[in-house]
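# Overview (structure and organization)
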Amino acid sequence: MALASTVKVVLGSIAFAIFWVLAVFPAVPFLPIGRTAGSLLGAMLMVVFGVLTPDKAYDAIDLPILGLLFGTMVVSIYLERADMFKYLGMMLSWKSKGAKDLLCRICLISAISSALFTNDTSCVVLTEFVLKTARQHNLPPHPFLLALASSANIGSSATPIGNPQNLVIAVQSKISFGNFLIGILPAMLMGVFVNALILICMYWKLLSIQKDEEDVAVEVFSEEEMNSHRFSPATLSHNSQEWNSRLELMAVQSPPHLSGNMGHVEALRNRAISSETEIQKDPIVTLDSARNSNASKEAAKDVSTQVKEETIPSKRVASMDRLRDALSVRSSEGKEDFTTKWKKLLWKSCVYLVTIGMLIALLMGLNMSWTTITAALALVVLDFEDARPSLEKVSYSLLIFFCGMFITVDGFNRTGIPSTLWDLMEPYSRIDHVSGIAILAIVILVMSNLASNVPTVLLLGARVAASAAAISEADKKKAWLILAWVSTIAGNLSLLGSAANLIVCEQARRAPQFGYTLSFWSHLKFGVPSTLIVTAIGLALIR
């Protein structure tokens, strides 16, 4: 494609430069409006400057990608409500055999969950679990946070729903879910293994620190664990009522000749219920009348016998009523708890089954956008509640960011600058020889860290595929997979390389009681060797 007019080239470059600055540095001092507003500003400038017409701007928005992204986010929200990520977090420390075992678990769980539920979602929900587990084992959180973020990026490369750039590639390349998975899965598995090995080697001394016995006892308990050992007013009230009922039964069932034991029981009950004092009055009156005369003593005995005959049945009836009420209340509460528990379990099972069905449908080659949207709406219906609270958790700002980015990148493509630059690089970046693959990987790696991975895919995708298609159809598919692999692994190079890195950093810094700051340079020290080694190994395995 030839260069457009000089005016369009200049104005389009200005609009794209504004978008790029705000996308990479969303809080720049002179215009701190953020990424989403920055993408809309770039899109608006492309139309205002005349680089794109309004109709072409609307046409640039890729609705299938937005539908796939929306459906994936909704499914992830319902999976989180169904405690899927809670169970994944519990697997981190289950029968852990030390720091190195824990790090390997984090790498594996992070990679698998990212491949199925997107890397950003996995990092959002697993960061605090990782911090808590490291704290419980008296270990520094730094290597484990790096393992979480880097493995999430590596794992997300395996599927079209793992990250946004893969969504774009899957829709534009028309590669099926199954072929995409088969093509990158070996590279992903080897990449996770090598990444874990690099982390273990770099932080061997930190991971070899033994946990002190004192630190073992001072474990960080969850709120549910604390509540199970905490005495509440309701619990105390329930225990006192149960103790009082037992005393009543003892009073009713005791035989008449055990008068001493009855007096002891009466005393205990009077300590528990201060209001019941009338029981002791009649024996006192009887003792006083016995001191006066034998006749009055016989009369008192008759009165006492009559009172006992009237009192004992009334006590028996009252105690039985109390027991019946207590048992009925407890039975109704038990039935409600049982019903609620099974309803929740049934709902969770339905969420998991719908998700598995969605993955099977994707593997069968059905339309990815409508498959994820159908699964999302099935979960909404099965929830049988107002869906607004769940739908409010969808990142609509990300969807708007994508809309603005589609328009901005399409406008920049129409200036002819990306095509001209690619024409210069294309002869050296052909994937039919090793040096061409290496140069192409370097270009993707640099551009992904300078312009972010999704814009890089939008700018290079069609051109890389067209160049490879000239060789063979198989090479065209391989070119798309190479673009997916390198643009994703490029996110591990620096802290700013991917959204997953920033999410882990921010979640770790804000985590209550477990806050930790992951610095740019500490990430770079690990990110550079890991990215270069994992990228090279993966390129050799992609077919």
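Being a predicted model, the structure only gives us computed values, none of them experimental.

This part takes up the overall build of the protein chain. Along the protein chain, the regular secondary structure elements total 26 helices and 0 strands. Counting only residues that meet the buried cut, the protein chain has 45% of its 543 residues in that class. Total accessible area on the protein chain is roughly 28,200 Å²; 65% of this is exposed by carbon and sulfur atoms.

Phi at Thr118 takes a positive value of approximately 75 degrees, unusual for a residue other than glycine. Residue position: Thr118 is located in the loop between helix 6 (99–117) and helix 7 (119–136). Phi is positive for Asn138, which is not a glycine, with a value near 55 degrees. Summarising the element assignment, Asn138 is placed in the loop between helix 7 and helix 8 (142–156). The exposure class assigned to Asn138 is partly exposed, which follows from its relative accessible area of 32%.

Turning next to the packing of aromatic side chains. Aromatic ring pairs: the centre-centre distance and the angle between the two ring planes describe each pair. Counted by the stated rule, this structure contains 6 aromatic pairs. Ring centres of Phe16 and Phe19 lie 5.9 Å apart, and the angle between their planes is 50 degrees; on these two criteria the pair is classed as tilted. On the criterion of helical spacing, the pair formed by Phe16 and Phe19 is a turn pair, its members being 3 residues apart in helix 1 (residues 6–24). By relative accessible area, which is 10% here, Phe16 ends up buried. The class of Phe19 is buried, set by a relative accessible area of 1%. Relative to Trp521, the ring of Phe520 has its centre 5.2 Å away and its plane inclined at 90 degrees; by these criteria the two rings are edge-to-face. It is Lys100 that lies over the ring of Trp204; its NZ or CZ is 4.3 Å from the centre.

Of all hydrophobic cores here, the largest spans 130 residues; its most connected members are Leu103, Phe144, Phe402 and Trp485. Looking at this core, the element that brings in the most residues is helix 10 (residues 177–202), giving 11 residues.

Let us now look at the packing of helix 6 against helix 10. For the pair helix 6 and helix 10, the least separation of the axes is 10 Å and the interaxial angle reads 150 degrees. When the axis of helix 6 is compared with that of helix 10, the two are roughly antiparallel. The chirality of how helix 6 crosses helix 10 is right-handed. Where helix 6 approaches helix 10, its residues Lys100, Leu103, Cys104, Cys107, Leu108 and Ala111 are matched on the opposing element by Met188, Val192, Ala196, Leu199 and Ile200. In terms of residue class, the contact of helix 6 with helix 10 is built from 10 nonpolar, no polar and 1 charged.

We now examine the pattern of salt bridges. For the structure on display, the rule yields 6 salt bridges. Asp83 is the partner of Lys348 in a salt bridge, and the nearest nitrogen-oxygen pair spans 2.7 Å. Taken together, the positions of Lys348 in helix 17 (residues 294–363) and Asp83 in the loop between helix 4 (63–81) and helix 5 (84–93) put the pair 265 residues apart, joining distant regions of the chain. Residue classification places Lys348 among the buried positions, given a relative accessible area of 10%. Between Arg414 and Asp410 there is a salt bridge, with its nearest N and O atoms 3.1 Å apart. A residue pair is termed a helical-turn pair when its members lie 3 or 4 positions apart in one helix, as Arg414 and Asp410 do in helix 20 (residues 396–414) at 4 residues. For Arg414, a relative accessible area of 34% puts it in the partly exposed group.

Before going further, it helps to spend a moment on the packing of helix 2 (residues 34–48) against helix 20. It is the contact of helix 2 with helix 20, at a shortest axis distance of 8 Å, that shows an interaxial angle of 35 degrees. Handedness of the helix 2/helix 20 crossing: left-handed. Two secondary-structure elements touch here, helix 2 through Arg35, Thr36, Ser39, Leu40, Gly42, Ala43 and Met46 and helix 20 through Ser397, Ile400, Phe401, Gly404, Met405, Ile407, Thr408, Gly411 and Phe412. Looking at the contact of helix 2 with helix 20 residue by residue, the class counts come to 8 nonpolar, 7 polar and 1 charged.

Next up on the list: helix 20. With 19 residues, helix 20 should reach 27 Å at 1.5 Å per residue; the first-to-last C-alpha distance of 28 Å fits that figure. Positive phi shows up at Gly416, right after helix 20, with a value of about 90 degrees.

Attention now goes to a nonpolar patch on the surface. Taken together, the side chains of Leu353, Ile356, Ile360, Met364 and Leu366 define a hydrophobic patch exposed on the protein surface, amounting to about 530 Å² of accessible area. Note on Ile356: relative accessible area 47%, which makes it partly exposed.

The topology assignment puts Gly191 in helix 10. A sequence separation of 298 residues divides Gly191 from Ile489, and the C-alpha atoms of the two residues are 9.3 Å apart. If we ignore the near neighbours within four places in the chain, the residues touching Gly191 are Ile154 and Val534.

With that out of the way, let us pick up the confidence of the model for the protein chain. Summing up the model confidence of the protein chain, the mean pLDDT is 79 and the portion of residues at 70 or higher is 76%. By mean pLDDT, the top-scoring element of the protein chain is helix 10 (95), and the lowest-scoring one is helix 12 (residues 213–217) (36). A low-confidence stretch, residues 212–297 (pLDDT under 50), is modelled with 53 contacts involving residues beyond four sequence positions or located in other chains. Of the regions scoring below 50 in pLDDT, residues 299–310 engages in 5 contacts with residues more than four places distant in sequence or in other chains.

Inspection of the secondary structure puts Arg510 in helix 25 (residues 499–510). Residues Arg510 and Glu128, spaced 382 residues apart in sequence, show a C-alpha to C-alpha distance of 9.6 Å.

This part covers helix 1. An α-helical turn contains 3.6 residues, so a residue and the one three or four places further along point in the same direction. An ideal rise of 1.5 Å per residue puts 27 Å on 19 residues; helix 1 measures up with 26 Å between its terminal C-alpha atoms. All of the buried residues along helix 1 are Val9, Gly12, Ala15, Phe16, Phe19, Leu22, Ala23 and Val24.

Conventions and cut-offs
Residues numbered from 1 in each chain as written. Predicted model: local features only at pLDDT ≥ 70, side-chain atom pairs only at ≥ 80, totals over all residues. Heavy atoms only, no water. Helix = DSSP H or I, 4+ residues; strand = E, 2+ residues; numbered from the N terminus. Buried < 20%, exposed > 50% of the residue type's maximum accessible area, 1.4 Å probe, protein only. Areas by Shrake-Rupley, 256 points an atom, 1.4 Å probe, with all protein chains shown as cover. Phe/Tyr/Trp six-rings, centres within 6.5 Å; stacked < 30°, edge-to-face > 60°. Lys NZ or Arg CZ within 6 Å of the ring centre and 35° of its normal. Core = buried A, V, L, I, M, F, W, Y, C linked by side-chain atoms within 4.5 Å. Axes fitted to C-alpha atoms, helices over the stretch in contact; angles between N-to-C directions. Parallel < 35°, antiparallel > 145°, perpendicular 65-115°, else oblique. Left-handed = near helix turned anticlockwise from the far one by under 90°. Contact = heavy atoms within 4.5 Å. Nonpolar A, V, L, I, M, F, W, Y, C, P; charged D, E, K, R; others polar. Salt bridge = Lys/Arg side-chain N within 4 Å of Asp/Glu carboxyl O. Expected span 1.5 Å × (residues − 1). Patch = residues over 30% accessible without salt bridge, like charges linked within 9 Å, V, L, I, M, F, W, Y side chains within 5 Å. pLDDT = per-residue confidence, 0-100.

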